[in-house]
Amino acid sequence: MIRFEIGIVDTRNVLKAILDAYGYDFKDYALTSLKRRIELFVANEGLRDIDTLISRLQQGKDYFERFLQSITPETTEMFRDPSLWRNLRDHILPDITKGTTRPKIWLAGFDSGEQLYSLAIILKEMNLLTEVQLYASYISDFTLEKIKNGTADIKQLEVNEANYSRLEGKGSFSDYYKTANGTVTLDNQLIQGVNFVKQTPAFDQGPGGVKMVLFRNQTIYFNQLLTDRSVNAMYNALVPGGYLVLGIKESLENTNSNNKFTVVNESEQIYKKKTL
Amino acid sequence: MYKAVIIGGSAGSFQVITRILHSLPPTFPLPVLLSLHRLKHVRSGFVEALSIKSGIPVVEPFDKDQIKPGRAYLAPANYHMFIELGNKIALSTEEPVNHSRPSIDLSFVTAAQVYRDKLVGIILSGANRDGAYGLKKVKDLGGLTIVQDPLECQVKTMTEASMKLTKVDHVYSTNEIIKFLQSIK
């Protein structure tokens, strides 16, 4: 348990410094988790206080990028919720690839690679990896580099293996990574065709004409305003009949877009954009 | 005068929780927040098992659900459960804390920050130290702190760790916890 604690005023001061220096606006992030992420960063960096953090952030873009990487929570596990991935494989992906040439799929969340590699593995096992156009959002340049290199956390290997086996994949999870000197490297051939999109907290940079958006466990870090705005951006990116996939504990009922979608699968939080 | 009850438990706490929930009247005036260690990959079954004998509805909340009195909110598997200003649930997939997600510490700390001296924090049987720091924050911010009597706990690591870190207000048996909760009007 971290012992460094900051107040709401401190948190707001950090956010203001970031906005002034880099134009990144985090004011609509959920306060509790954002405050906690900043506390963790300060503790891990061994900083004395918030003023030290603020002055370091103002001094260099590299430091800011590292901060960005640290405060956007990582998913930390591949195939999180295996039943959702099974559902995508058995129902949704066959549906969106049927009769459409190279449909677009957008991973709109700030993923640290786990979701992208999970999806790529499933598509590969379905022989569909080159039959779709994958778009993946990222927020920090450091995270992008990590994704492109296929760097994975060795401590998560056991969880990833277990999730893969619950997914009932075609092969073995070990087909997709190598270990050397205590590090795990995922096969980055899997993501060669991916279009990476530098995303801002405003979600205004995504592709259009999308058949499926994965936006899982993202709005949990947003306040109501940004939740509504981001889900609306997903709505606009989707073609009518396109799928929106939220995290299993995120409900459209808690947004202002509920009447624009129909529920496809309630327990997995899969929705379909209504055809007007 | 209280606004919420938060309960943390791990190994050996299931039956205690079941008894507590069973004893609560449908008119119980507060929300009950449950941060319990559970199997991360088993999504269903737990809330149903707790609901069977509960006197109040038990739900696994969605993110941003409004917290209402007379309901129990069970932290979902593989998520941290925070209490957010505005009396709402906030969930998180951040890394486990003390190998736990949900982390009892995080639920307690965030609840303490929102409810302050209007919070009752209860730590039950458990096999690790998660919850001890959270209970300390409840106490520091003026809330009422209760631990299940370690003599009665199936596993007493959690309650003893809590008592070591905090001068708790009450050490109660399950029956005494129930009597206390039933006295809240």
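Residue positions within a chain follow its written sequence, with the count starting from 1. Both sets of labels track the order of writing: A upward for chains, 1 upward for ligands. Local features in a predicted model are, by the rule used here, given only for residues with pLDDT of at least 70; side-chain atom pairs are given and counted only at 80 or more, and totals for whole chains, interfaces and linings are based on all residues.

What about the overall build of chain B?
Here is step 1: Helix and strand assignments follow DSSP, with helices taken as H or I runs no shorter than four residues and strands as E runs no shorter than two, numbered in order from the N terminus. For chain B, the count of helices and strands is six helices and nine strands.
Here is step 2: Here chain B has a C-alpha radius of gyration of 14 Å; the compact-globule value for 185 residues is 16 Å, and the two agree.
Here is step 3: Referenced to the eigenvectors of the C-alpha coordinate spread, the extents of chain B come out at roughly 35 × 35 × 30 Å.
Here is step 4: Backbone-placed C-beta atoms define the burial measure: a residue is buried with 20 or more other C-beta atoms within 10 Å of its own, exposed with 12 or fewer, and partly exposed in between. For chain B, the residues scored as buried account for 55% of the 185 residues in total.
Here is step 5: Here, residue contact means that the backbone-derived C-beta atoms of the two residues sit within 7 Å. Sequence-distant contacts in chain B: of pairs separated by 6 or more residues, those separated by 24 or more amount to 72%. Put simply, the radius of gyration uses C-alpha atoms, and a globule should come to 2.2 Å times the residue count raised to 0.38.

Comments concerning the sheet that holds strand β2 (residues 32-36) of chain B
Across a sheet, strands are paired by hydrogen bonds formed along the backbone, either parallel or antiparallel in direction.
Residue and element names in this part refer to chain B.
Here is step 1: Taken in spatial order, the seven strands line up as β3-β4-β2-β1-β7-β8-β9 in an open sheet, and their pairing is parallel. The sheet is open, and its two borders are formed by β3 (58-59) and β9 (170-172), each paired with just one other strand.
Here is step 2: Any two strands with at least two DSSP-identified bridges between them are counted as paired. In this sheet, β9 lies alongside strand β8 (residues 144-148) in parallel orientation, the contact comprising three bridges. Looking at β9, one finds that Val 147 is bridged to Val 171.
Here is step 3: Relative to the sheet, helix α1 (residues 14-23) contacts β1 (4-9), β2, β3, β4 (72-74) and β8, its axis offset from that of β1 by approximately 160 degrees.
Here is step 4: What counts as an axis is a line fitted to C-alpha atoms, over the stretch in contact for a helix, and the angles between N-to-C directions run from 0 to 180 degrees. The strands touched by helix α3 (residues 104-115) are β1, β2 and β7 (119-123); relative to β1, the strand with the most contacts, the crossing angle is about 165 degrees.

A short note on helix α9 (residues 224-237) of chain A
Residues and elements named next belong to chain A.
Here is step 1: To estimate how far a helix should extend, the number of its residues minus one is multiplied by 1.5 Å. For α9, with 14 residues, the first-to-last C-alpha span of 20 Å sits near the 20 Å given by 1.5 Å per residue.
Here is step 2: All buried positions along α9 are accounted for by Leu 226, Thr 227, Ser 230, Val 231, Met 234 and Ala 237. Along α9, the residues classed as buried sweep out an arc of 125 degrees about the axis, all on the same side.
Here is step 3: Buried residues in α9 make contact with β1 (104-107), β7 (210-215) and β8 (238-246). As used here, the arc is the angular range of directions from the helix axis to the C-beta atoms.

Quick notes on the domain arrangement of chain A
Residues and elements named next belong to chain A.
Here is step 1: As assigned here, chain A comprises domain 1 (8-71) and domain 2 (82-273).
Here is step 2: Domain ranges listed in this record stem from an automatic or a database domain assignment. Taking the mean C-alpha position of each, domain 1 and domain 2 sit 27 Å from one another.
Here is step 3: Counting from both sides, the interface comprises 11 residues of domain 1 and, opposite them, 11 residues of domain 2.
Here is step 4: With four residues, the top contributor of residues to the side of domain 1 that touches domain 2 is helix α4 (residues 61-71).
Here is step 5: When grouped by side-chain class, the residues that make up the side of domain 1 that touches domain 2 number five nonpolar, two polar and four charged. Amino acids outside the nonpolar list (Ala, Val, Leu, Ile, Met, Phe, Trp, Tyr, Cys, Pro) and the charged list (Asp, Glu, Lys, Arg) are all regarded as polar, and Gly is one of them.

Description of the interface of chain A and chain B
Here is step 1: Taken together, the contacts link 17 residues of chain A with 21 residues of chain B.
Here is step 2: The element contributing the most residues to the side of chain A that touches chain B is helix α2 (residues 31-45) of chain A, with three residues.

Some points on unusual backbone geometry
Residues and elements named next belong to chain B.
Here is step 1: In the segment running from Arg 101 into Pro 102, the intervening peptide bond is cis, with an omega of 10 degrees.
Here is step 2: Along the chain, Pro 102 falls in the loop between β6 (88-92) and α3.
Here is step 3: One non-glycine residue, Lys 64, adopts positive backbone phi at about 70 degrees.
Here is step 4: Structurally, Lys 64 is set in the loop between β3 and β4.
Here is step 5: The residue Arg 116 is not glycine, and still its phi comes out positive at about 45 degrees.
Here is step 6: For Arg 116, the location among the structural elements is in the loop between α3 and β7.

A short note on the sheet that holds strand β3 (residues 151-152) of chain A
Residues and elements named next belong to chain A.
Here is step 1: Strand order in the open sheet formed by three strands is β3-β5-β4, and the pairing between neighbours is antiparallel. Strand pairing shows two members of the sheet lacking a second neighbour, β3 and β4 (177-180), which therefore form its edges.
Here is step 2: Bridge count for β3 against strand β5 (residues 183-186) is two bridges, and the pairing is antiparallel. Bridge pairing in β5 places Thr 151 opposite Thr 185.

Digging into the nonpolar core
Here is step 1: One nonpolar core equals one set of buried Ala, Val, Leu, Ile, Met, Phe, Trp, Tyr and Cys residues connected by C-beta atoms within 7 Å. Among the nonpolar cores identified, the biggest contains 122 residues, and Val213(A), Leu244(A), Leu34(B) and Ala111(B) are the most heavily contacted of them.
Here is step 2: The biggest single contributor to this core is α3(B), with eight residues.
Here is step 3: Looking at this core, you find at least three residues from each of domain 1 (8-71) and domain 2 (82-273) of chain A.
Here is step 4: Among residues more than four places away in sequence, those in contact with Ala111(B) are Ala4(B), Ile6(B), Leu33(B), Ile83(B) and Leu119(B).

Some remarks on the environment of Ile6(A)
Residue and element names in this part refer to chain A.
Here is step 1: Inspection of the secondary structure puts Ile 6 in the segment before α1 (8-22).
Here is step 2: With 17 C-beta atoms counted inside 10 Å, the residue Ile 6 sits in the partly exposed group.
Here is step 3: The spacing of Ile 6 and Ile 147 is 141 residues in sequence and 31 Å in space, taken between C-alpha atoms.
Here is step 4: In contact with Ile 6, not counting residues within four places along its chain, are Thr 11, Lys 35, Ile 38, Glu 39 and Ile 50.

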